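Topology and contacts: notes
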Amino acid sequence: TKHLLGIKDLTPEDLHLIFQTADQFKEVINRPIKKVPSLRDITIANVFFENSTRTRLSFELAEKRLSADVVNFSAGNSSVKKGETLLDTVNNILSMKVDMVVMRHASPGAPHFLSKHIDANIVNAGDGTHEHPTQALLDTFSIREKLGDVAGKKVCLFGDIVHSRVALSNIFALKKLGAEVMVCGPKTLLPKYVESLGVKVELDVRKALQWCDVANVLRIQLERQQLKYFPSLREYSQYYGINKGLLDSLDKEIVIMHPGPINRGVELNSDVADSDAAIILDQVENGVAVRMAVLYLLAGAGA
Ligand code: CP
């Protein structure tokens, strides 16, 4: 395939191939010499129309570790501000002999639209409330690394499911890999269609924590909410915030994940985020190897 637009389009075999390739790159980037020449004739543009810390830096590092040439574009200080369209922007970047585009955009489907109109590999780095495929790949890769396998594991996604592209991509990836999936949050933050995706729904945070092996805790996406947020952040933290007291009250240990950025004291307290139960920075570390694998496979470098 030419693009990575979403997890929905991938097979379980695709996911396993990405993981096996990422295993090799993880070994490479832990060596004193972290670079391989695989993409040395490839130029990649990271085109970000929305803010990012982890995804943008992780893609840039992945590209540099593969010896690609890299250009970075942020809409905020570009000619988008003068009214240039998405298609014109990307076509102008491609005229400079760019081969691959990694794109984040606030509109669901923006990378799918581009993929129909331009002649370059496209990697979706998050499109609005729709998908964030490389986040789900690094999340499931991290579960596999921590617990040995994803199949048969019980994974619960907590919080703002309705606005979360991380949730949707994770649900697709976890189901394809044979995990049992639950979502937990206030009803106002759970999409009506969620059960049709084959996931369990639990409104009680303690029951959900007791059920799962892995808790993937999501941020409340204030920037995507059209109406006044309900419940308030204070109420959310009171009823759904995950803290050490709550985890200590379970009769088992669970793995805590978060895609970042964390709103400390809202969805997750520091006494959990910084504890040994959390693999949050392992997720970030794994993001580089997983993105190297995606870029390498899309470029056909392994063929
Ligand atoms: N997890 C994630 O996508 O983080 P950024 O928004 O900082 O890229």
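The structure presented is a predicted model; accordingly, all values stated were derived computationally and were not measured. (Residues numbered from 1 in each chain as written. Predicted model: local features only at pLDDT ≥ 70, side-chain atom pairs only at ≥ 80, totals over all residues.)

Right, let's talk about the UniProt feature "binding site: L-aspartate" (unreviewed entry) in the protein chain for a bit. UniProt records the feature "binding site: L-aspartate" (unreviewed entry) at K82, R165 and R219, using the numbering of this structure. Spanning 138 residues, the annotated positions stay apart in the fold, the maximum distance between their C-alpha atoms being 32.0 Å. Position of K82 relative to the elements: it lies in the loop between strand 2 (69–74) and helix 3 (86–95). With 6 C-beta atoms packed within 10 Å, K82 lands in the exposed category. Topologically, R219 is positioned in the loop between strand 8 (214–217) and helix 8 (233–240). For R219, a count of 20 C-beta atoms within 10 Å translates into the label buried. (UniProt positions renumbered as here; feature names shortened; annotations may be inferred. Helix = DSSP H or I, 4+ residues; strand = E, 2+ residues; numbered from the N terminus. Buried ≥ 20, exposed ≤ 12 C-beta atoms within 10 Å, placed from the backbone.)

This part covers the domain arrangement of the protein chain. Each domain of the protein chain was delimited in the assignment, giving domain 1 (12–131 + 284–298) and domain 2 (133–280). Taken together, the contacts link 21 residues of domain 1 with 18 residues of domain 2. Sorting the residues of the side of domain 1 that touches domain 2 by element identifies helix 1 (12–29), strand 4 (121–127) and helix 11 (280–298) as the ones contributing at least two each. No other element matches the six residues that helix 11 contributes to the side of domain 1 that touches domain 2. Grouping the constituent residues of the side of domain 1 that touches domain 2 by class yields nine nonpolar, eight polar and four charged. (Domains from an automatic or database assignment. Contact = placed C-beta atoms within 7 Å. Nonpolar A, V, L, I, M, F, W, Y, C, P; charged D, E, K, R; others polar.)

Before going further, it helps to examine helix 6 (residues 165–176). With twelve residues, helix 6 should cover 16 Å at 1.5 Å per step; its first-to-last C-alpha distance of 17 Å lies within 8% of that length. The buried fraction of helix 6 amounts to eleven of the twelve residues, a majority that puts the element mostly inside the structure. Buried within helix 6 we find R165, V166, A167, L168, S169, N170, I171, F172, A173, L174 and K176. On its buried face, helix 6 sits against helix 1, strand 4, helix 5 (133–147), strand 5 (154–158), strand 6 (180–184) and strand 8. (Expected span 1.5 Å × (residues − 1).)

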